[in-house]
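Here's the letter readout for the chains.
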Amino acid sequence: DCLPVIKHVFMLALTAVFVFQSFAYYFTEYNRGEADYEQTAQWLLDNGYTQGYATFWNANVLTEASDGEIEVYSFVDWNNKGLYRWLQKTEHFEAEPQGKVFVLVAHNEGTPSIARQENLVTETSQGKIYIYDSAQAAMDAHRAE
């Protein structure tokens, strides 16, 4: 009976395909080195910005990339005018950031109303960083039509 032999050969071939794909991914696609978020977080810290706004996809990882030194208030996206309800500190709903704030708009997020050209200070590999004198000024820009 050759059926068990065929099963074993098929399973070995399938396993070899998965192993080959894993190695191919590791050597061609796997990102080694400093991530974009770490570079952006370092720029913010170097320039004295520790509080700001970003979308859900960028807020928590930016805080993580700064080892918690940067406090990022999260929006689900820039079309939503209120803070995202989940995965951020409840204190974010009780008090706005104090002093100057940054706004990180990732490259794939378009140009929302909060992205005022006159407030653009730099562009990192992660996105554009806008600076506002206060959280109120940033929110006024965000809520503008």
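Here, every reference points to the structure presented above.
Colleague: Would you mind going over the pattern of salt bridges with me for this structure?
Modeller: Where charged atoms of side chains with opposite charge meet at close range, the side chains can pair. According to the stated counting rule, one finds two salt bridges in the structure shown. Among the salt bridges present, the one from Glu-71 reaches Lys-89, with a minimum N-O distance of 3.2 Å. A residue pair is termed long-range when its members are at least 10 positions apart, and Glu-71 in strand E2 (residues 71-75) and Lys-89 in the loop between E2 and strand E3 (101-106) qualify at 18 residues. For Lys-100, the salt bridge identified is with Asp-133, shortest N-O distance 4.0 Å. With Lys-100 in the loop between E2 and E3 and Asp-133 in the loop between strand E5 (127-132) and helix H4 (135-143), the pair connects residues that are 33 residues apart, well separated along the chain. Owing to a relative accessible area of 47%, Lys-100 belongs among the partly exposed residues under this scheme.

Colleague: How should unusual backbone geometry be read in this particular structure?
Modeller: Apart from glycine, the bulk of residues carry a negative phi angle, and the bulk of peptide bonds sit in the trans form. Notably, Asp-67 is not glycine yet its phi reads approximately 55°, a positive angle. Note that Asp-67 resides in the loop between helix H3 (56-65) and E2. Here the phi dihedral of Leu-87 falls at roughly 55°; this positive angle occurs in a residue that is not glycine. Leu-87 sits in the exposed class, given a relative accessible area of 59%.

Colleague: I keep staring at the pairing of strand E4 (residues 120-123) and nothing clicks. Help me out?
Modeller: Each regular strand carries side chains that alternate between the two faces of the sheet. Direction of pairing for E4 relative to E5: antiparallel, over a ladder of three bridges. What sits directly across from Leu-120, in E5, is Tyr-130. Taking the residues that link successive antiparallel strands as the turn, the E4-E5 hairpin has three residues.

Colleague: I'm lost on a negative patch on the surface in this one. Help?
Modeller: Where like charges cluster on the molecular surface, the negative patch consists of Glu-38, Glu-64, Asp-67 and Glu-69. Within the element layout of this structure, Glu-69 appears in the loop between H3 and E2. You can call Glu-69 exposed: its relative accessible area is 51%.

Colleague: Please explain helix H2 (residues 36-46) as it appears in this structure.
Modeller: Since the α-helix advances by 3.6 residues per turn, residues separated by three or four positions end up pointing in the same direction. The complete set of buried residues in H2 reads Thr-40, Ala-41 and Leu-44. One side of H2 carries all its buried residues, which in axial view fall inside an arc of 100°. Positive backbone phi, at 80°, marks Gly-48, one or two positions downstream of H2.

Colleague: Would you take a moment to explain the environment of Thr-55 for this structure?
Modeller: Within the secondary structure layout, Thr-55 lies in strand E1 (residues 51-55). Among the residues examined, Thr-55 registers a relative accessible area of 1% and is labelled buried. Note: C-alpha distance between Thr-55 and Asp-133 (78 residues apart in sequence) is 20 Å. Those residues in contact with Thr-55, other than ones at most four positions away along the chain, are Ser-74, Phe-75, Val-76, Asp-77, Trp-78 and Glu-109. Of the polar contacts made by the side chain of Thr-55, one reaches the side chain of Glu-109; its length is 2.4 Å.

Colleague: Help me out: how do you make sense of the sheet that holds E1 in this one?
Modeller: Within a beta sheet, neighbouring strands are joined by backbone hydrogen bonds and run either parallel or antiparallel to one another. The strand order across the open sheet formed by five strands is E2-E1-E3-E5-E4, and the pairing between neighbours is mixed. In this open sheet, the two edge strands, each paired with only one partner strand, are E2 and E4. Neighbouring strand axes in the sheet, compared pairwise and without regard to direction, differ in orientation by 25° on average. Where E1 meets E3, two bridges bridge the pair, whose relative direction is parallel. By the bridge assignment for E3, Gly-52 is matched with Phe-102.

Here is what the cut-offs are and how they apply
Residues numbered from 1 in each chain as written. Predicted model: local features only at pLDDT ≥ 70, side-chain atom pairs only at ≥ 80, totals over all residues. Heavy atoms only, no water. Salt bridge = Lys/Arg side-chain N within 4 Å of Asp/Glu carboxyl O. Helix = DSSP H or I, 4+ residues; strand = E, 2+ residues; numbered from the N terminus. Buried < 20%, exposed > 50% of the residue type's maximum accessible area, 1.4 Å probe, protein only. Pairing = 2+ DSSP bridges. Patch = residues over 30% accessible without salt bridge, like charges linked within 9 Å, V, L, I, M, F, W, Y side chains within 5 Å. Areas by Shrake-Rupley, 256 points an atom, 1.4 Å probe, with all protein chains shown as cover. Lys, Arg positive; Asp, Glu negative; His and termini not counted. Charge placed at Lys NZ, Arg CZ, Asp CG, Glu CD. Arc of directions from axis to C-beta. Contact = heavy atoms within 4.5 Å. Polar contact = N/O pair within 3.5 Å; in protein donor to acceptor, adjacent residues only side chain to side chain. Axes fitted to C-alpha atoms, helices over the stretch in contact; angles between N-to-C directions.

Honestly, that's just the spatial picture; any functional story needs more than this.
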